[in-house]
Each structure stands twice: as structure tokens, then as C-alpha cells.
Amino acid sequence: MTTDLLRLTQWLSPAFPVSGYAYSHGLETAMAEGRVTDAASTAAWVRTVLTSGTGPLDVWAIRRVMGGADPEEVAATLRARAGSAERWQETRDQGAAFCDVTNAMGEVPLSDLPLPVALGVRARGMDAGIVAQLYLQAFAGQMVSAATRFLPLGQRAAQTLLRDLHPAIAAVAERNDTDPPGSAAALAELDAMAHEALQPRIFRT
């Protein structure tokens, strides 16, 4: 349909009320500890998550669900693969908000599902590669937005950083793994675990 891209970009817009601004995916720990301090270190941390951490697993979930897999089974896999309680909370809470808002918009009712699974169900019939690309773009933007607010990272640097991530985003979006990929972003996973006890903190994760 000619409106598919418009629907997709609406769902993945920062203005769509899933509270993406409230989550850093564990990046706040790295910033608070002084390991992420500028555009270069932010880009390295975000790139690792996109290419070796949550990114490939979420793309697997989107593609599986769009291909007809049972959403509840894919959601159970994501829960089992979540590296920490906060990682699961982030995808679960945003997914629940996504389901709630799209249900209220008149879409076919969905129960609470993690965000990539809920998006995959809603996007069935669309181009899976485009869905995955725009999902990863929004995910990267969420993390970079957290850095912009926490660090002295200006808007120009943030937008340049996001542009430079486009090749990595495109490459990960084209993956079509048969089995759910594991995470090789060990430090980012540890940051997410440590965030649960971080005080004070700005972000939920």
C-alpha cells in the first residue's frame, strides 16, 4: 500500500508515545563512569549495540514475526535472551505502550508484546528490510538522544554521528538469521546490569 511507509515512519517517530526518551539501554552507566564522553566514544558504544548486541536479535524477531512466526514464541525468546532485567523492561514497556496506542488507533487488537515483536506484527505485508532499517534507525536515535542530553554533545555532532551509522544499520537490517543471534556486546550488557543499581540516574535503563 502507498501509505505503508507513512504508517511505519509514524510508529517509529520520536513523537510516537512509547516513552523512548526515557531509556538509554545502559548507556547512562558508561557515561556516568566516564567511558563514553564525546561523539567518538558514543558512536563506538552505539555501533557495538547495533551490530553485536541487541540490534541483530531485534532484527531476527522482526523478520520472524513478519514471516508468520508465533509472536508469543518470539517474545519468549527475547525474554530469555535479555541480558538483564532492565533490558527486558525496556523492550517490554515500550512494546506495551506501542500496542496500547495502536489498539486505540483502531488497529487489530494486540496483547502486550515486546517492541520489535509488536512492530513485526503490525508491519506484516510490508518490506521487512525497510521495517528493520527504520527500526534500527529509531533505536540508534534513542541512544544518541540520551547521550545528547547527558553529555556536552551538540545537535550537529549527534546528527553527524547518526548519519555515519547508516551503513552499519543497513548491513544489520539485511541479516536474515535462522536462529536468534547471541550478543557479543559484553561491556554494553554489563553496563545495563550495573544500571539497575546506578544512583543518581536520569534514565529508566
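Placed above this text is the structure.
What this report covers is the structure whose coordinates are included nearby. The structure presented is a predicted model; accordingly, all values stated were derived computationally and were not measured.

**Side note on the overall build of the protein chain**
Here comes step 1: Counting its regular elements, the protein chain contains eleven helices and zero strands.
Here comes step 2: For the protein chain, the sequential pattern of α-helices and β-strands runs α-α-α-α-α-α-α-α-α-α-α.
Here comes step 3: Buried residues in the protein chain amount to 51% of all 205 residues.
Here comes step 4: The long-range share in the protein chain, meaning contacts at least 24 apart out of those at least 6 apart in sequence, stands at 75%.
Here comes step 5: Per element, the accessible surface of the protein chain, about 9,500 Å² overall, is 55% carbon and sulfur.
Here comes step 6: On the protein chain, the mean spot of the 17 positive side-chain charges and the mean spot of the 22 negative ones are 3 Å from each other.

**Points about the environment of Ala 138**
Here comes step 1: Along the chain, the position of Ala 138 falls in helix α8 (residues 128-150).
Here comes step 2: Residue Ala 138 is classed as partly exposed on the basis of its relative accessible area, which comes to 27%.
Here comes step 3: Residues Ala 138 and Pro 14, 124 residues apart in the sequence, show an inter-C-alpha distance of 7.5 Å.

**Some thoughts on a nonpolar patch on the surface**
Here comes step 1: A cluster of nonpolar residues, Leu 187, Leu 190 and Met 193, forms a patch on the protein surface that exposes about 280 Å² of accessible area.
Here comes step 2: Within the secondary structure, Leu 190 is located in helix α11 (residues 186-195).

**A short note on helix α4 (residues 54-66)**
Here comes step 1: Over its 13 residues, α4 extends 18 Å from the first C-alpha to the last, a length consistent with the 18 Å expected when each residue adds 1.5 Å.
Here comes step 2: With respect to burial, α4 is a largely interior element, twelve of its 13 residues being buried.
Here comes step 3: Of all the residues in α4, the buried ones are Thr 54, Gly 55, Pro 56, Leu 57, Asp 58, Val 59, Trp 60, Ala 61, Ile 62, Arg 63, Val 65 and Met 66.
Here comes step 4: Where α4 is buried, its residues touch α3 (39-52), α5 (71-81), α6 (85-104), α7 (115-122), α8 and α10 (166-173).
Here comes step 5: Gly 68, located one to two residues past α4, shows a positive phi value of around 110 degrees.

**What about the packing of α3 against helix α9 (residues 155-164)?**
Here comes step 1: Contact geometry of α3 with α9 gives a least axis separation of 10 Å together with a crossing angle of 35 degrees. Note on packing geometry: the crossing formed by α3 with α9 is right-handed. Residue-level contacts link Ala 39, Thr 42, Ala 43 and Arg 47 of α3 to Ala 157, Leu 161 and Asp 164 of α9.
Here comes step 2: Classifying every residue of the contact of α3 with α9 by side-chain character gives four nonpolar, one polar and two charged.

**Overview of α9**
Here comes step 1: Along α9, the residues classified as buried are Ala 158, Leu 161 and Leu 162. Taken around the axis of α9, the buried residues stretch over an arc of 95 degrees, which confines them to a single face.
Here comes step 2: As for α9, its buried residues are in contact with α3, α8 and α10.

**Looking at the pattern of salt bridges**
Here comes step 1: The full count for this structure, using the stated rule, is nine salt bridges.
Here comes step 2: Across the pair Asp 191 and Arg 35 runs a salt bridge, and its minimum N-O distance is 2.4 Å. Pair noted here: Asp 191 is in helix α11 and Arg 35 is in the loop between α2 (27-32) and α3, with a separation of 156 residues, a long-range link.
Here comes step 3: Among the salt bridges present, the one from Arg 87 reaches Glu 189, with a minimum N-O distance of 3.0 Å. In this pair, Arg 87 sits in helix α6 while Glu 189 sits in helix α11, placing the two residues 102 residues apart along the sequence. This pair shows no difference in class: Arg 87 is buried, exactly as Glu 189 is.

Cut-offs applied
Residues numbered from 1 in each chain as written. Predicted model: local features only at pLDDT ≥ 70, side-chain atom pairs only at ≥ 80, totals over all residues. Heavy atoms only, no water. Helix = DSSP H or I, 4+ residues; strand = E, 2+ residues; numbered from the N terminus. Buried < 20%, exposed > 50% of the residue type's maximum accessible area, 1.4 Å probe, protein only. Contact = heavy atoms within 4.5 Å. Areas by Shrake-Rupley, 256 points an atom, 1.4 Å probe, with all protein chains shown as cover. Lys, Arg positive; Asp, Glu negative; His and termini not counted. Charge placed at Lys NZ, Arg CZ, Asp CG, Glu CD. Patch = residues over 30% accessible without salt bridge, like charges linked within 9 Å, V, L, I, M, F, W, Y side chains within 5 Å. Salt bridge = Lys/Arg side-chain N within 4 Å of Asp/Glu carboxyl O. Expected span 1.5 Å × (residues − 1). Axes fitted to C-alpha atoms, helices over the stretch in contact; angles between N-to-C directions. Left-handed = near helix turned anticlockwise from the far one by under 90°. Nonpolar A, V, L, I, M, F, W, Y, C, P; charged D, E, K, R; others polar. Arc of directions from axis to C-beta.

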